[in-house]
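Here is what each chain is made of, one letter per residue.
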Amino acid sequence: MQYDLIVVGGSFAGLSAATQVARARRRVLVIDGGQPRNRFAAHSHGFLGQDGRTPADILGDARKQLLAYPTAIIVDAYAAKAEAAGDGFAVALEDGKTFEGARLLLATGVRDTLPDIPGLQEQWGKTVLHCPYCHGYEAAGGPLGVLAVGAISMHQALLIPDWGDVTLFTNAAFEPDAEQMRALDGRGVKLEPARIAACEAVGADGLVVRLEDGRAVRVKALFTAPRTSMASPLAEQLGCAFAEGGLGPIVKVDELQQTSVPGVYAAGDAARSMTNIAFAVADGAFAGVAAHRSLIWDSF
């Protein structure tokens, strides 16, 4: 095998995994397409020791630190195909160049699909947000909105009042029942049943939600739960099993972050429902350790 481990995806989970294997003095290759999920966010929050830094700066430091290990290599390219090859795996780039490794780790992430509302995508990561633990503190202290996409939006609507006064925009996607209404009332959440026509930025720290009936509601931030899909076809190509993650499919892994395909591991947003940088780094570290150990145990 050319490499002991090939990691596809050079964001937080992938670099974390690769670092563990490089520190074990094993040959590790990271293939990175340069499209991290949180590239739309200006700053990262809640990640120990890195609070307030840009995601790009954190990743830049992580890449430099990984490449300080002589057995680590990063290739900036998109991995187009993966398949079993002998006792390991082969990963092909878009230009056809192929690498082989004894183990394969998928840290390929997911792609977010927002509700089809004009102006929403343009504000994604700015005033249209998903995780209050990542961005809620900065948006706190004023009116906040939750854009419903289904029953799962009850979770956000009941959680986010700790950061501000919340309006739940049901937008014909969700109608709370009597019990849910009591819960919303208990948290002081206002209900807005009118459909949303568009969202417009107001300066750098606000959003106007324009309703179809002509009214406009000003919020500091609008939280929503985008649907997710695999950002890469590799897991499907390899025959990995999937599970339903609540907002979309995720790669199914066991307690060692191994997929249903022996020798293939997965970590980060592609393999978990609840996501943030800290979780991705932790999953990646564990997956890297597990992949390294498998190289040893499987030799006996």
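Residues numbered from 1 in each chain as written. Predicted model: local features only at pLDDT ≥ 70, side-chain atom pairs only at ≥ 80, totals over all residues. Heavy atoms only, no water.

Focus on the overall build of the chain
Next, step 1: Scanning the chain for helices and strands turns up 7 helices and 19 strands.
Next, step 2: Radius of gyration (C-alpha) of the chain: 21 Å, near the 19 Å computed for a compact globule of 300 residues.
Next, step 3: Projected onto the principal axes, the alpha-carbon positions of the chain cover approximately 65 × 35 × 35 Å.
Next, step 4: Of all 300 residues assigned to the chain, the portion counted as buried reaches 50%.
Next, step 5: Sequence-distant contacts, at least 24 apart, represent 56% of the contacts inside the chain between residues at least 6 apart.
Next, step 6: Put simply, the chain shows about 14200 Å² of open surface, and 52% of that area lies on carbon and sulfur atoms. (Helix = DSSP H or I, 4+ residues; strand = E, 2+ residues; numbered from the N terminus. Rg over C-alpha atoms; globule rule 2.2 N^0.38 Å. Buried < 20%, exposed > 50% of the residue type's maximum accessible area, 1.4 Å probe, protein only. Contact = heavy atoms within 4.5 Å. Areas by Shrake-Rupley, 256 points an atom, 1.4 Å probe, with all protein chains shown as cover.)

Here's the deal with the pattern of salt bridges
Next, step 1: Scanning the entire structure with this criterion turns up 13 salt bridges.
Next, step 2: Arginine 37 is the salt-bridge partner of aspartate 269, the closest N and O atoms lying 2.9 Å from each other. Pair noted here: aspartate 269 is in the loop between strand S19 (264-266) and helix H7 (277-297) and arginine 37 is in the loop between strand S2 (28-32) and helix H2 (55-67), with a separation of 232 residues, a long-range link.
Next, step 3: The exposure class assigned to arginine 37 is partly exposed, which follows from its relative accessible area of 22%.
Next, step 4: Within this structure, Asp4, Arg26 and Arg27 form a network of salt bridges that share partners. (Salt bridge = Lys/Arg side-chain N within 4 Å of Asp/Glu carboxyl O.)

Comments concerning the domain arrangement of the chain
The extent of an interface is frequently quoted as the accessible surface area lost upon association of the parts.
Next, step 1: By the assigned domains, the chain splits into domain 1 (3-112 + 227-295) and domain 2 (115-224).
Next, step 2: In this structure, domain 1 and domain 2 have C-alpha centres spaced 32 Å apart.
Next, step 3: Between domain 1 and domain 2, roughly 850 Å² of surface is buried when both sides are summed, and carbon and sulfur atoms account for 62% of that area.
Next, step 4: For the domain 1 face of the interface with domain 2, the top three residues by lost area are Phe40, His45 and Leu247, together amounting to 55%.
Next, step 5: One can count 0 salt bridges joining domain 1 with domain 2.
Next, step 6: Between the two partners, domain 1 and domain 2, sit 1 residue pair in polar contact (both at pLDDT 80 or more).
Next, step 7: Considering only residue class, the side of domain 1 that touches domain 2 consists of 4 nonpolar, 4 polar and 1 charged. (Domains from an automatic or database assignment. Buried area = accessible area lost by both parts, 1.4 Å probe. Polar contact = N/O pair within 3.5 Å; in protein donor to acceptor, adjacent residues only side chain to side chain. Nonpolar A, V, L, I, M, F, W, Y, C, P; charged D, E, K, R; others polar.)

Observations concerning the side chain of threonine 108
Next, step 1: Mapped onto the elements, threonine 108 comes out in the loop between strand S6 (98-106) and strand S7 (110-113).
Next, step 2: For threonine 108, a relative accessible area of 18% corresponds to the buried category.
Next, step 3: Excluding residues that lie within four positions of it along the chain, threonine 108 makes contacts with Val8, Ala231, Ser232 and Ala270.

Digging into the packing of helix H1 (residues 12-23) against H2
Two measures define how a pair of helices packs: the angle their axes make with one another and the distance between the axes.
Next, step 1: H2 packs onto H1 with a crossing angle of 20 degrees between their chain directions and a minimal axis gap of 10 Å. Taken together, H1 and H2 sit at an angle that is classed as roughly parallel. Of the two elements, H1 crosses H2, and the hand of that crossing is left-handed. Here H1 contributes Phe12, Leu15, Ala18, Thr19 and Ala22 to the contact with H2, which in turn contributes Pro55, Ile58, Leu59, Ala62, Arg63 and Leu66.
Next, step 2: Class assignment of the residues belonging to the contact of H1 with H2 gives a composition of 9 nonpolar, 1 polar and 1 charged. (Axes fitted to C-alpha atoms, helices over the stretch in contact; angles between N-to-C directions. Parallel < 35°, antiparallel > 145°, perpendicular 65-115°, else oblique. Left-handed = near helix turned anticlockwise from the far one by under 90°.)

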